[in-house]
Structures are given as C-alpha cells and as structure tokens.
Amino acid sequence: MDNQVKQAYEAAKLLYAQHGIDTDEVLEKLAEIKVSVHCWQGDDVKGFLNQDGELTGGISVTGQYPGAATTPAELRADLEQAFSLIPGKHKVNLHAIYTDTDEKVELDQIEPKHYEKWVQWAKAQGLGLDFNPTCFSHEKSSDGFTLSHPDPEIRKFWIDHCKASRRIGAYFGEQLGQTCVTNVWVPDGFKDNPVDRMTPRKRLKDSLDEVFAEKLDPKHSLDAVESKLFGLGSEAYVVGSHEFYMGYGLQNDTLICLDAGHFHPTEVISNKLSSLALFTSGILLHVSRPMRWDSDHVVIMDDELLEIARELVRHDLLSTTHVGLDFFDASINRVAAWVVGTRNTIKALLRAMLEPVDALKAAELQGDYTVRLALTEEFKSYPFGAIWDYYCAQQGVPVREKWISEIKTYEEDVLLQRGKSLV
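Rules behind the numbers
- Residues numbered from 1 in each chain as written.
- Predicted model: local features only at pLDDT ≥ 70, side-chain atom pairs only at ≥ 80, totals over all residues.
- Heavy atoms only, no water.
- Salt bridge = Lys/Arg side-chain N within 4 Å of Asp/Glu carboxyl O.
- Helix = DSSP H or I, 4+ residues; strand = E, 2+ residues; numbered from the N terminus.
- Buried < 20%, exposed > 50% of the residue type's maximum accessible area, 1.4 Å probe, protein only.
- Expected span 1.5 Å × (residues − 1).
- Arc of directions from axis to C-beta.
- Contact = heavy atoms within 4.5 Å.
- Polar contact = N/O pair within 3.5 Å; in protein donor to acceptor, adjacent residues only side chain to side chain.
- 1 Å grid on protein atoms, 1.4 Å probe; cavity = no way out; pocket = protein on both sides within 12 Å on 5 of 7 lines; lining within 4 Å.
- Points joined across faces, edges and corners; volume = space filled by probe spheres on them.
- Nonpolar A, V, L, I, M, F, W, Y, C, P; charged D, E, K, R; others polar.

*Asks:* Can you walk me through the pattern of salt bridges in this structure?
*Replies:* Once their charged atoms are close, side chains differing in charge can pair, the charge on each being opposite to the other. Scanning the entire structure with this criterion turns up 22 salt bridges. Its salt-bridge partner being Arg76, residue Asp100 comes within 2.6 Å of it at the nearest N-O pair. Linking Asp100 in the loop between strand E2 (91–95) and helix H4 (116–125) with Arg76 in helix H3 (residues 72–83), this pair joins segments that are 24 residues apart in sequence. Residue class for Arg76 comes out buried when judged on its relative accessible area of 10%. Between Glu210 and Lys163 there is a salt bridge; the shortest N-O distance is 3.5 Å. Of the two residues, Glu210 is situated in helix H6 (residues 198–211) and Lys163 in helix H5 (residues 152–176); the sequence distance between them amounts to 47 residues. Where salt bridges share partners, they join Glu307, Arg310, Arg314 and Glu355 into one cluster.

*Asks:* Help me understand helix H1 (residues 3–17), please; the structure alone is not making it clear to me.
*Replies:* Along its 15 residues, H1 runs 21 Å from first to last C-alpha, staying within 8% of the 21 Å computed at 1.5 Å per residue. Within H1 the residues assigned to the buried category are Val5, Tyr9, Ala12 and Tyr16. Seen along its axis, H1 keeps its buried residues to an arc of 70°; they face one direction. What points out from H1, more than 90 degrees from its buried face, is the exposed set Asn3, Gln4, Gln7 and Leu14. Each element contacted by the buried residues of H1 is listed here: helix H2 (23–31), helix H12 (369–379) and helix H13 (384–394). Between the side-chain oxygen at the start of H1 and the backbone nitrogen of Gln4 there is a gap of 2.8 Å, and the oxygen is on Asp2.

*Asks:* What am I meant to see in empty space enclosed by the protein here?
*Replies:* Which parts of space are left empty comes out when a probe the size of a water molecule is rolled across the atoms. All told, the structure shown has four cavities of 30 Å³ or more when counted by the stated rule. Empty space within the largest cavity amounts to approximately 70 Å³. Broken down by class, the residue content of the lining of the largest cavity amounts to four nonpolar, no polar and four charged.

*Asks:* It is not clear to me how helix H11 (residues 357–365) should be interpreted in this structure. Could you clarify?
*Replies:* Structural remark: α-helix, 3.6 residues per turn; residues separated by three or four positions point the same way. Within the sequence span of H11, burial applies to Val357, Leu360 and Ala363. Projection of H11 onto a plane perpendicular to its axis shows the buried side chains occupying an angular sector of 130°, all on one side. Exposed positions of H11 whose direction lies more than 90 degrees from the buried face are Asp358 and Leu365. The secondary structure elements touched by the buried residues of H11 are helix H9 (303–314), helix H10 (334–353) and H12.

Quick look at the structure:
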C-alpha cells in the first residue's frame, strides 16, 4: 500500500475517532455490502435472445460509443474488468434476455440450463446473481400490455415467463449460496386517458397472484415488484403504479422496489425508505439518476444518492435492503459507466457510515437544532476521501482516478477491436 495513502488514513482515523467513529470497523462493515450491478449497461439492453429486435417498453438507450458487448462472453469479460476496479465482492443483475445457450428458446420456456454458464462464471468470480423477467421488446408486448393484457393467451404467456424466471432465480440462489432477488417490472399502460383504470389492475393483481403462487425457499429466492409513474407510450396511465405495488407488496410480503427515476421529477425515494421499512420485511432499490425524469443517467455523487445512503445507515436498514443499480448510457465507455456508478454508490454508503449519527440524533431529540445543523455541515468537509482511498487500496483496486488509465487500456485492447474482423 502506498505510504501516502496510509498516512492520510491514519490522520483521518484520529479525527473520526474523536467522535466515536471507528474507521476500521466501518470498513469491515462496508466490505460486507453487496451492490447488484446491472448487466444491461454493457450492451444497451439488447440481450442475447433477440438482438436485432426493437427496444420497447418505454426504454431508450442513446449514444454510439464503440465496444458494446455482443455475446455473453464479451459481457462477462467487461463485467470482470469493471469488478477489478470496484472495491468489494458484489452481485450481477441479469435480465431474462441474457441467456447463454445455442438453443432457440422462448421467454415462457426458459430454464436454469439456459443460464448455466452465468452460474459457473459467478461461482468462479465469487459473485451473486439477481434476476428479472423481461416483459418488453417482444412481439407479445407490442401493444404495451403483458401481465394485465386483456387477451388471456397473451397474459398466460407472460405469467409463464415470470414463473419460469422465479425458478431460475431460486436456482441461482441455491447454486451460489446467495439469495437471488427476482424483480418483476412490466411496462403496461395507456398513452392517452383510459376509461377503465381498475380492470387492468385487477388483471395484473390476478396475474401476480398466479406468478407468486409457487412457494420458494426464501434463503434462495426473494420476489420484488417495481412501479413506474409513466413511460414512453404510457404517459397517461401505468397499470403498475407505486400505490398498486405498495399495496400488493404489503399485502403479500413481497419486496417493493423503489427506482430513483420512477417517480415525479421532484419526488425522491430517500424520503420513502423510513416509511416503507416500518411495514415491510425488506426493500429493493434501483439506484439511478433521473435527469428531467427517468433518463437513467450514470449515478454520480449527488444529494439524492447521499440521502439514500444516509437513510439506510441512520435507520440500520442495510441488512434488509437490497441495493441495485439501473442506468444505461451508450454515449460513454460502458465499462467506465459501471465503475463510476458503482464506486459512487459504495462511496456514498461510506460517507454515511462516517457521520456521527448517534450525536446528531441526540441533539435532535434534545431540540438542539443548532448543534444538529452545525455538526452536519462540519462533517461535510471531514476527510472521508482519505478513508475511501485506503479502502480501495485495502481491497486491491486503483486509488482515485488511477482506474481511468486501466479502462483506456482495456478500451484500446478489447472494446475497439470488436467487430474489426467482420469489416
């Protein structure tokens, strides 16, 4: 370890110790946190079932940066490169379209064998896997409806797909010894004002009841449901609204997924965590960065990211909250996007863990809002960066911006070579 990094850490450690914060203990706790890194940043949400198909469901990826993964092997190589620059051991979040098989298979017929190479890779890398049914970019979702579709045959197709996805998630959890969260999101909705808002929601509820009817071992598999305010093509009405899924999740003890971009532009998910946590056994997060709205920009160290981290730390919610990422940007190096977003998420959690929470709560309880404000502001300039640098060095990943040169080398040697042999 670089002597300068170590000296800076020791000096910072003494400052934090004055407030009863043991930085060694903090870093031990930080190393236990697993962030679920979304695979779809690496290939612009195309997957490997129907790469030539149109991206639908209100999802749009913009940019033409070279080097997108076009095979499962390329995507795994890119993920390995990203993880070599990110401290800690984490998880990979797969969508159902990311099969790795020579067999032609439909979404309602997928099985664990179609993802076996992912499982073997995750074992070798010491990673966990999460899963998602893919209820978009398919001919049977072309009119904007899936689990709430009025046609019972189409609805059954998507029910069967979600059932198969849950079994695959349970297989992941059993094989890897890490609980797999299988998250259900559907794009169902109307572009213009509907007359009947309730009937599609009743169909969605009935479909979900059928999807979740099979009881799976919670040690291996947990279910989650994800809401959205609106989407492209469903601006007026989304069947799976926040209120719908909050009610469904509370009634059925299903994880409720809060996506940072799936609410009104001035609405934040950080303020929801302490409420939901009182009534649920756990929460799933999709940490993203909305610009204007659900644009899924790469996560940066902004105020909302810090507030999410603070809520998780201050209320001791990390053990029951599954932290995942959800962004996609094809205008920059895709591997670098993973590194920036994941490092920032971990760094925000570290910053929150380095705050004098007990002292702040005590001041607040005593009505001493002067101390609460003053101490909060002073800690914004405490040397958390020295603790972060030490953690990165301790975990064997580049300190500060040194990782950028490694990304550039990987881009030159690997990403820019893709497709050349076809020219």
